[in-house]
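So you can see what is in the structure, the chains are spelled out below.
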Amino acid sequence: MSTVVETHDHDGHHGPAKGLTRWLFTTNHKDIGTLYLWFSCLMLFIGGGMAMVIRAELFQPGLQIVQPEFFNQMTTNHGLIMVFGVIMPAFVGLANWMIPMQIGAPDMALPRLNNLSFWLLPMAFGILLSTLFMPEGGPNFGWTFYAPLSTTYAPSTVNFFIFSVHVMGVSSILGSINIITTIFNMRAPGMALMKMPLFVWSWLITAYLLIAVMPVLAGVVTMMLMDINFGTSFFNAAGGGDPVLFQHVFWFFGHPEVYIMILPAFGIVSHIIETFSRKPIFGYSSMVYAMASIAILSFVVWAHHMFTVGMPLAGELFFMYSTMLIAIPTGVKVFNWVATMFRGSLTFETPMLFSIGFVTLFTIGGFSGLMLAIVPADFQYHDTYFVVAHFHYVLVPGALFGIMAGVYYWLPKWTGNMYDETLGKLHFWLTFISVNVTFFPMHFVGLAGMPRRYPDYALQFADFNAMISVGAFMFGITQLLFLFIVIKTIRSGKQAKPEVWEGAGDLGLEWTLSSPPPYHSFTVQPQVK
Amino acid sequence: MKKLVTKLVLVMFSTLPFVIYSAENSDYNMPVGVTEVSQSIFGLHMLIFWVCVVIGVIVFGIMFWSMWKYRKSKGAVAADFDDNFWLEIGWTVAATAVLIWMAVPSTQVMVQAYDDAEGEINILVTGHQWKWHYEYMEDEVSFFSNLSTSQEQIDNKIPKGEFYLLEVDEPLVIPINTRVRFLITGNDVIHSWWVPDFAVKQDAVPGFINTAWTNVPETGIYRGACTELCGIKHAFMPVVVRAVEMEEYDAFIAEKMVLAEAERMLTSKEWTKEELMERGESFYMTNCVACHQANGKGIPPVFPALEGSEVVLSDSAKQIEILMDGIQGSAMQAFGDSYSEVDIAAVITYTRQAWSNGKNGDGAIVTPKDIVDYKNKIDL
Ligand code: HEM
Ligand SMILES: [Cu+2]
């Protein structure tokens, strides 16, 4: 399929509108990308603030700062915001900015839809956050909202939560449709599928995952809505329903969801490693196949989150084997990154540092994932801080490092200004150290037996918890530095060349555009050799 | 500077395994536990851990070495290869082989742990918001196990004891060297019953009965926790199991049966208001305060106040009904199933006298006999 692309401007100059309407009514992929990224940044600080409340309470045993009810609201909203409000919007923002520029298109295929899918998000999170100010308080049943705690026993604000999840789901689905349409219809001539940049590939696969599982999430919250308000008993044992059904449906969404949060980071990091190794990515096609097989396998592993729920032996073994299988394509990706660096010519600018941090620490998260996949061992790990350590390793130095690496990598392209390399490196090292001080000891407290989602704990866990809290505060403060660096770069900085990074000119179409790029990226489609 | 940092990182990662290794059997690692199953699981855990360490050392080793060797600042010139068919096939096969090799012992331990055959002793474990209920199926003995750490300790008003949050008023008692099967279920929301030293963790799901088993070879006190988020007091419903010699166990059961008999006698006794008040207050303080609070003011709107409530002031029949059957769709559970007539009558009497209620309401006294009558009426 091909699309006719206008090759000339009608009215000579055509830039952004002025003032607030530029942002409200914008249909431009860069403006919308920027909105997504700032939204994600705002949510990072709100969700991060909640994490600070959690860590302040856990600094010492006993209840000091907040009561358990509010603590539960904090853990729940922290999780929901970080997953749906930070990681996912940041990736969509990067997709908006980069996909048209990487495939040689002027904009996204469906610009008005694009505007809608962004503006749904502030609405969804406005609704969610408003519940915190209602008399009954916000959702307090964990980001996994297991029934019947989230139905029969939930505060009535759960209805706002359900609505907000529906709105987020609509936003994600619209965004995915847009991305798939763009990738299939607007690639520059000559850009065959197997020549697409890996970030584009990663998003193509992610968008399919989203379209497949977001309706499942919508389904499960709708069933909750019916149980709460209309007398059905999907998840109510007293009415003949099945609380475990909730978990099966939720995790059928939930496991693919965790890959939605990492695949785009795989794409970003692949570009950065090849750029700063000055050597093409090793095993391009195996990278693509690995992502595709991870995506497919992610549909058959969901019950590894439910090993203690009481499944038949055959079920436990099946989900153990399928989960172990996922480690193979994940491993292949790590091997490929290492092989790309091998015999390269390496420099260590901030994006590269974040990418190396990503490869190392994400792999540690992969190792703990593998340990968690072993069912009998999971009986001991499940619902302890060991799991918390695992998913923070894959999500913070995983997904979030991927996003930060991408921001540093492309920021000079977006703004036309170089960021301050010294500050960038400082930001990396402070982040790298504090991430480990925060999340590494969680493995130990988890193994020693501290359950997750506890506002208070036994005395033997006190030392590690104090350490974790100190790390967390350090991490939180360090991210203000990130904000400062980004704002500073937007306002000033050394003029960036079109290729920005040495030799990047050959690596992707985005580097052939000026820095900052024109408002409509490619008005003339380039020819890809 | 850069070199130093790289070295530092290298040192950090290469010493980690040793730190962990030296910490085996300590507060840093999974407990070895006392049962055969917990020990096999510990072995499995260490095995996978070392496999991960070895893979990590190889992969990170090559990576850090490449970063060191192929620095541009050292004049490294990039090679130009971007694939190697046999290498890629090779590492995929190697990874698969390692996983299959790990799957074998994992499967064996899983089969060992998973066994739902009858036990010599069968105990029904029920998770309640926020306490555990234990019922010895063979002996018709049952009781609740509540956190015994005081609220003052939690609120940092007095120093915390050694077993802060890990102590209960009545631990579960089981005999050693006996196959004990647990039948685990939930009364309201999902809880999860975990004793690390037995490697038993099983969700307590309303409407389902899950099984787990153990056979403990050593006497001792084993402490665990609820591991599925179950509401406000999730962190305050520990599991404590006391494993004892068979003789002591038999004596315990016998004593419990005598107590149960005495409890039944109490129902037919004539109760004075003071006796009911005293018993009611202590019941209230263990079972009701979490939601309705010691001052009876509750945490509205989720947990309504009892002080000044219409029902508590002037409708004792309605109050009996609520306590016995709970309120559908709310956190107010049916207490009638799990507590004696005496306790229910006492706590109703107490709430109708306590705070300002005695002065403002009818102050009706409810006796165990009223509760028995209510039950009989329902049976009809
Ligand atoms: C090698 C790959 C991975 C394996 C084998 C793996 C395995 C597992 C297992 C078995 C659990 C359940 C543990 C339990 O609850 O007892 C788990 C939890 C989790 N994993 Fe992974 N995982 C992997 C990668 C990832 C990635 C890439 C992400 C996200 C970027 C992720 C995010 C999570 C999250 C969020 C949870 C916890 C969910 C919750 O209960 O709140 N995992 N993982
Ligand atoms: Cu999963």
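Quick summary incoming for the structure in this document. On a predicted model such as this, the values are computed, not experimentally measured, just so you know. (Residues numbered from 1 in each chain as written. Chains lettered and ligands numbered in written order. Predicted model: local features only at pLDDT ≥ 70, side-chain atom pairs only at ≥ 80, totals over all residues. Heavy atoms only, no water.)

1. Description of the overall build of chain A
Going by this rule: Going along the chain from the N terminus, every DSSP run of H or I of four or more residues is numbered as a helix, and every run of E of two or more is numbered as a strand. Computation of the radius of gyration draws on C-alpha atoms alone. For the globule rule, the value is 2.2 Å times the number of residues to the power 0.38. Accessible area is worked out with a 1.4 Å probe on protein chains only. A residue is then buried under 20% of its type maximum, exposed over 50%, and partly exposed in between. Whether two residues are in contact is decided by their heavy atoms, any of which lying within 4.5 Å being enough.
If you tally the helices and strands in chain A, you get 15 helices and zero strands. Taken over C-alpha atoms, the radius of gyration comes to 23 Å for chain A, in line with the 24 Å a tight globule of 529 residues would show. Projected onto the principal axes, the alpha-carbon positions of chain A cover approximately 65 × 50 × 45 Å. Taking all 529 residues of chain A together, 67% fall into the buried category. Considering only contacts in chain A between residues 6 or more positions apart, those separated by 24 or more positions represent 82%.

2. Thoughts on the packing of helix 10 (residues 313-341) of chain A against helix 11 (residues 350-373) of chain A
Residue and element names in this part refer to chain A. Inclusion rule: For helices, the fitted line uses only the C-alpha atoms of the stretch in contact; every axis is such a line through C-alpha atoms, and the angle between N-to-C directions lies from 0 to 180 degrees. Comment on the angle field: the value is read as roughly parallel under 35 degrees, roughly antiparallel over 145, roughly perpendicular from 65 to 115, and oblique elsewhere. Handedness of a crossing follows from how the near helix is turned relative to the far one, being left-handed for an anticlockwise turn of less than a right angle and right-handed for a clockwise one.
Look at helix 10 against helix 11: their axes get within 10 Å of each other, and the N-to-C directions meet at 160 degrees. Classified by the angle between their axes, helix 10 and helix 11 sit roughly antiparallel to one another. Along this stretch, helix 10 crosses helix 11, giving a crossing that reads as left-handed. Residue-level inspection shows Met320, Thr323, Met324, Ala327, Thr330, Val334, Trp337 and Met341 of helix 10 in contact with helix 11, the latter providing Met352, Ile356, Phe358, Val359, Phe362, Thr363, Leu370 and Ala373.

3. Examining the pairing of strand 4 (residues 172-175) of chain B
Note on strand geometry: in a regular strand, side chains alternate between the two faces of the sheet. All names here are of chain B. Condition: Following DSSP output, two strands are said to pair if at least two bridges run between them.
By the alternation rule, side chains of strand 4 split into Leu172 and Ile174 and Val173 and Pro175, which are all buried. As defined by bridge partners, strand 4 adjoins strand 10 (residues 239-244) across four bridges and the pair is classed as parallel. The residue of strand 10 that forms the bridge with Val173 is Arg242.

4. A few points about the site of ligand 1
All names here are of chain A. How we decide: Residues are counted as near a molecule or strand when any one of their heavy atoms sits within 4 Å of it. Residues adjacent in sequence count toward polar contacts only when both atoms are side-chain atoms; beyond that, a polar contact is any pair of N or O atoms within 3.5 Å, and within protein one must be able to donate a hydrogen and the other to accept it.
Around ligand 1 there are 23 residues in total, and Trp143, Asp378, His382, His390 and Arg452 lie nearest to it. Contacts to ligand 1 include His390, whose side-chain N or O atom sits 2.9 Å from a nitrogen atom. Here Arg452 contributes a side-chain N or O atom positioned 2.8 Å from an oxygen atom of ligand 1. Only helix 7 (243-260), helix 11 and helix 13 (385-415) provide two or more residues apiece to the shell around ligand 1. For the shell around ligand 1, the leading source of residues is helix 11, giving six residues.

5. Overview of the side chain of Thr438(A)
As for its placement among the helices and strands, Thr438(A) is situated in helix 14 (residues 421-448). Once residues within four sequence positions are removed from consideration, Thr438(A) is found in contact with Ile468(A), Gly471(A), Ala472(A) and Phe475(A).

6. So, the environment of Asp80(B)
Residue and element names in this part refer to chain B. Residue position: Asp80 is located in the loop between helix 2 (36-69) and helix 3 (85-113). Among the residues examined, Asp80 registers a relative accessible area of 65% and is labelled exposed. Each C-alpha atom of the pair Asp80 and Ala354 lies 84 Å from the other, and the pair is 274 residues apart in sequence.

7. Quick word on the coordination of the iron atom of ligand 1
Geometry sets the ideal angles at a metal, namely 109.5 degrees for four tetrahedral donors and 90 or 180 degrees for six octahedral donors. All names here are of chain A. Just so we agree on the cut-off: Donor atoms (N, O, S) are those found within 2.8 Å of the metal centre, with the cutoff raised to 3.2 Å for Na, K and Ca; water is not part of the atom list, so apparent gaps in a site can occur.
For the iron atom of ligand 1, the protein contributes exactly one donor atom, His390 (NE2), at 2.2 Å. Separating the iron atom of ligand 1 from the copper ion (ligand 2) is a gap of 4.5 Å. Secondary-structure assignment places His390 in helix 13.

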